Amino acid sequence: MTEWHTELAATLDEVWRRLAHGVADACAPARHPALATVGRDGGAEVRTVVLRAADRATARLDVHSDGAAGKIDEIRAEPRVCLHVWDPAGNLQLRLRATAEIVTGAAVAPLWAAVPTPARANYGGTPAPGTPIAAPDDHAARVDAARFAVVSCALREIETLHLGRDRHRRARFRADTDWRGTWLAP
Ligand SMILES: Cc1cc2nc3c(=O)[nH]c(=O)nc-3n(C[C@H](O)[C@H](O)[C@H](O)COP(=O)(O)O)c2cc1C
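Cut-offs used in this document
- Residues numbered from 1 in each chain as written.
- Predicted model: local features only at pLDDT ≥ 70, side-chain atom pairs only at ≥ 80, totals over all residues.
- Heavy atoms only, no water.
- Salt bridge = Lys/Arg side-chain N within 4 Å of Asp/Glu carboxyl O.
- Helix = DSSP H or I, 4+ residues; strand = E, 2+ residues; numbered from the N terminus.
- Buried < 20%, exposed > 50% of the residue type's maximum accessible area, 1.4 Å probe, protein only.
- 1 Å grid on protein atoms, 1.4 Å probe; cavity = no way out; pocket = protein on both sides within 12 Å on 5 of 7 lines; lining within 4 Å.
- Points joined across faces, edges and corners; volume = space filled by probe spheres on them.
- Nonpolar A, V, L, I, M, F, W, Y, C, P; charged D, E, K, R; others polar.
- Pairing = 2+ DSSP bridges.
- Phe/Tyr/Trp six-rings, centres within 6.5 Å; stacked < 30°, edge-to-face > 60°.

Under the criterion given, the structure shown has 16 salt bridges. Where Arg147 meets Asp66, a salt bridge forms, and the shortest distance between an N and an O atom there is 2.7 Å. Taken as a pair, Arg147 in the loop between helix H4 (117–120) and strand S7 (148–163) and Asp66 in strand S4 (residues 60–66) lie far apart in primary sequence, 81 residues in all. Each member of the pair, Arg147 as well as Asp66, is classed as buried. Taking the shortest distance from any N to any O, the salt bridge between Glu159 and Arg97 comes out at 3.1 Å. Of this pair, Glu159 sits in strand S7 while Arg97 sits in strand S6 (residues 92–103), and the two are 62 residues apart along the sequence.

Here you go:
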């Protein structure tokens with residue numbers, strides 16, 4: 001049987017299978033990508049997030065955030081982001097380059113309606129995330145639907161690295177070539 005990592009099309013299928021698994025299964029490696037942005041000072045920023053949606057047809061990945069979090073300002077200033085996943089069982093690293101859009105308000109009302117009540121307190125706390133406070137408890141959770149932000153990432157490029165027993169295989173798939181893949185030297 002041919003193994004998926006030896007063929008480009010099968011590799012891309014495997015990427016989307018694992019991303020879908022990340023959305024559906026809280027224990028899947030793709031559940032918690034690292035989201036990298038360009039900081040307001042021009043330096044790199046990276047943080048763990050939860051993958052909330054992965055749609056192959058539109059090549060979009062969604063993450064939810066408090067609209068007052070630092071990453072939101074960063075993305076508004078520079079929407080080119082990168083998501084990273086390491087899947088140890090698949091020996092697979094994903095680097096997902098995207099252009100992100102911040103969506104709030106009425107457009108995301110159906111998604112807000114689906115956020116479980118306890119989780120709603122993640123959106124709207126005071127003071128805003130990242131504000132210096134005198135003691136760790138000097139903040140209060142508050143539910144504010146207006147602070148619910150969807151970071152909708154339109155993928156531009158998917159890069160894979162598979163660590164195989166025989167060899168390492170690196171590939172790149174780009175939206176502007178209709179996701180045709182090419183192998184890269186690892
Ligand atoms: C396991 C885990 C999951 C997280 N999921 C999210 C998430 O889905 N959205 C989010 O905004 N922050 C999430 N965070 C918190 C971020 O890592 C980060 O601390 C926070 O968003 C503030 O980052 P920022 O100031 O760069 O915006 C998560 C953290 C951990 C450890």
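More follows now that the structure is in view.
This paragraph deals with the layout of surface pockets. Its volume calculated, the largest pocket comes out at about 380 Å³. In terms of lining, the largest pocket is formed by 19 residues, of which the most central are Arg52, His64, Ser65, Asn122 and Tyr123. The element that contributes the greatest number of residues to the lining of the largest pocket is S4, accounting for four residues. The class makeup of the residues in the lining of the largest pocket is 11 nonpolar, five polar and three charged.

Bringing the pairing of S6 into the picture now. As defined by bridge partners, strand S5 (residues 80–87) adjoins S6 across eight bridges and the pair is classed as antiparallel. Each bridged residue has a counterpart across the sheet, and for Arg80 the counterpart in S6 is Thr99. Hairpin connection between S5 and S6: a loop of four residues separates the two successive antiparallel strands, and Asn91 in this loop has a positive phi of roughly 50°. Of the strand pairs in this sheet, S6 and S7 are connected by 12 bridges, and their pairing is antiparallel. Residue Ala100 lies in a different strand from S7, and its bridge partner there is Cys153.

This part is about the packing of aromatic side chains. Tallying each qualifying case throughout the model produces three aromatic pairs. Measuring from ring centre to ring centre gives 5.9 Å for Trp112 and Tyr123, while their planes differ by 85°; the resulting arrangement is edge-to-face. Separated by 11 residues along the polypeptide, Trp112 in helix H3 (residues 109–113) and Tyr123 in the loop between H4 and S7 bring together distant segments of the chain. We note that Trp112, like Tyr123, is buried. Aromatic pair Tyr123 and Phe148: ring centres 5.1 Å apart, planes at 85°, arrangement edge-to-face. Placement of Tyr123 in the loop between H4 and S7 and of Phe148 in strand S7 is noted, with a sequence separation of 25 residues between them. Each of the two residues, Tyr123 as well as Phe148, counts as buried. Members of the aromatic cluster, each reached through a chain of ring pairs, are Trp112, Tyr123 and Phe148.

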